[in-house]
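Each chain is listed here by its residues.
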Amino acid sequence: MQWSSGDRSNIEDERGRSGSRAVPLGIGGVIVLALLSWATGTNFLPSSGTQQSAPAGSVGTQGQVQSTPQEERMVDFVDAVANDVQGMWGQTLGDRYERTHIVLFRDSIESACGSAESATGPFYCPSDRKVYLDLGFFDELTRRFGAPGEFAKAYVIAHELGHHVQRLLGLDAGARRGAATGADSASVALELQADCLAGVWGHAASQSGRFKAGHVELEAGDAAQALRAAAAIGDDRLQKMTTGHVMPDRFTHGTSAQRVDSFRRGMDSGDLRACGAAARSTQ
Ligand SMILES: [Zn+2]
């Protein structure tokens, strides 16, 4: 991937504020289990009745953040990708798109959707319309799930912002009413649609000449990284890793094959209608 650092205006940096390492996350299996609920966005957290906003997270770095140059570069990367994805949706959806932020945290955080730990994995909170991400997830993606590479990470970010698009267009209404899990649940359909929407961005980002114009640009082989990530975190594969067998009624995201298919549909077409995402727009 080709990208350049920006002003981090897409980031709310809560790394210095969150983070009590006292939370015993225990064995690595906890993380794997949590990856099962990776990015469920709409339903894994008990939704709190009130619409309280998260603690006034100001934009930009704040607090005492113990970091490394590598981690700071990763923050720049997340910002660059989020900026690019949001720029594309702004162009595509016009006034219907409202920009949001990626809230970076460590270990645990209070979101408007309740408290979450890193083991939960990245998620989208519909109440405050923000994406929450602990950068440690990317290490898991690389080491544990064998899905390295920048575009694998970009796919995760684009997937979460896909949930934001769903929220803005009212596409998540059905899933919030329906069954929470299961291979045929609206929740799985919503997850697969978010994969497809991530693919739509991938399509846009693969156009040549973008980097010169100040945008993110994919390079040959990048798409394979995202497909590997999609395959790595399908429900069936995660379940096999954690329980040794597959339980379709517990699916929340779709199988590896479904996730790959959905991403590819968006990536090949570059059209959100291919994701079934235009019909129920609010406008
Ligand atoms: Zn998701």
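Residue positions within a chain follow its written sequence, with the count starting from 1. It should be noted that, the model being predicted, local features are given only for residues of pLDDT at least 70 and side-chain atom pairs only at 80 or more, the latter also being counted only at that level, while totals for whole chains, interfaces and linings use all residues. Excluded from the side-chain calculations are hydrogens and water; all other atoms, namely the structure's heavy atoms, are used.

Asks: So what exactly am I meant to see when it comes to the environment of alanine 274 here?
Replies: Residue position: alanine 274 is located in the segment after helix H9 (256–269). Counting along the chain gives 78 residues from alanine 274 to cysteine 196, while the straight-line C-alpha distance between them is 8.0 Å. Per the convention used, a helix needs a DSSP run of H or I reaching at least four residues, while a strand needs a run of E reaching at least two, with both numbered from the N terminus.

Asks: Any chance you could explain empty space enclosed by the protein here in plain terms?
Replies: Think of a 1 Å grid over the protein atoms and nothing else: a 1.4 Å probe that fits but is trapped marks a cavity, an open set flanked by protein within 12 Å on at least five of seven lines marks a pocket, and residues with an atom within 4 Å of a point count as lining. Grid points are joined across faces, edges and corners, and a volume is the space filled by probe spheres set on the points. Applying the stated criterion across every chain, the model contains one cavity of 30 Å³ or more. The computed volume of the largest cavity comes to approximately 30 Å³. Lining the largest cavity, in full, are Ile102, Pro122, Val131, Leu133, Val156, Ile157 and Glu160. Put simply, the parts of the chain that give the lining of the largest cavity at least two residues each are strand E6 (130–133) and helix H4 (150–169). Among the elements that line the lining of the largest cavity, the one with the most residues is H4, at three residues.

Asks: So what exactly am I meant to see when it comes to the environment of lysine 212 here?
Replies: One can find lysine 212 in the loop between helix H6 (186–205) and helix H7 (222–232). The spacing of lysine 212 and glutamine 2 is 210 residues in sequence and 9.6 Å in space, taken between C-alpha atoms.

Asks: What's the story with the packing of aromatic side chains in this structure? I'm lost.
Replies: Two measures describe an aromatic ring pair: the distance that separates the ring centres and the angle between the ring planes. Stacked, tilted and edge-to-face are the three classes assigned to paired rings of Phe, Tyr and Trp, where Trp is represented by its six-membered ring and a pair needs centres within 6.5 Å; plane angles under 30 degrees give stacked, over 60 edge-to-face, the rest tilted. Counted by the stated rule, this structure contains six aromatic pairs. Geometrically, the ring pair formed by phenylalanine 151 and tryptophan 201 is tilted, given 5.8 Å between the ring centres and 35° between the ring planes. Residue phenylalanine 151 is found in helix H4, and its partner tryptophan 201 is found in helix H6; the two are separated by 50 residues along the sequence. The residues phenylalanine 151 and tryptophan 201 share a single accessibility class, namely buried. An aromatic cluster is present here, built from Phe151, Tyr155, Trp201 and Phe263 joined pairwise through their rings. Relative accessibility thresholds used throughout: buried, under 20% of the residue-type maximum; exposed, over 50%; partly exposed, between the two (1.4 Å probe, protein chains only).

Asks: What am I meant to see in the sheet that holds E6 here?
Replies: Whether parallel or antiparallel, the strands of a sheet pair through hydrogen bonds between backbone atoms. DSSP bridges decide pairing: two strands pair if at least two such bridges lie between them. Within the open sheet, the four strands sit side by side as E1-E2-E6-E5. Their pairing is mixed. The open sheet has two edge strands, strand E1 (11–13) and strand E5 (123–125), and neither has a second partner. Across the sheet, the mean angle separating the axes of adjacent strands is 30° when strand polarity is ignored. Here E1 pairs with strand E2 (residues 102–104) via three bridges, running parallel. Bridging across to E2, aspartate 13 finds its partner in leucine 104. Here, axes are lines fitted to C-alpha atoms. For helices the fit covers the stretch in contact, and angles between N-to-C directions go from 0 to 180 degrees.

Fair warning: the whole summary comes from geometry, so function is off the table for now.
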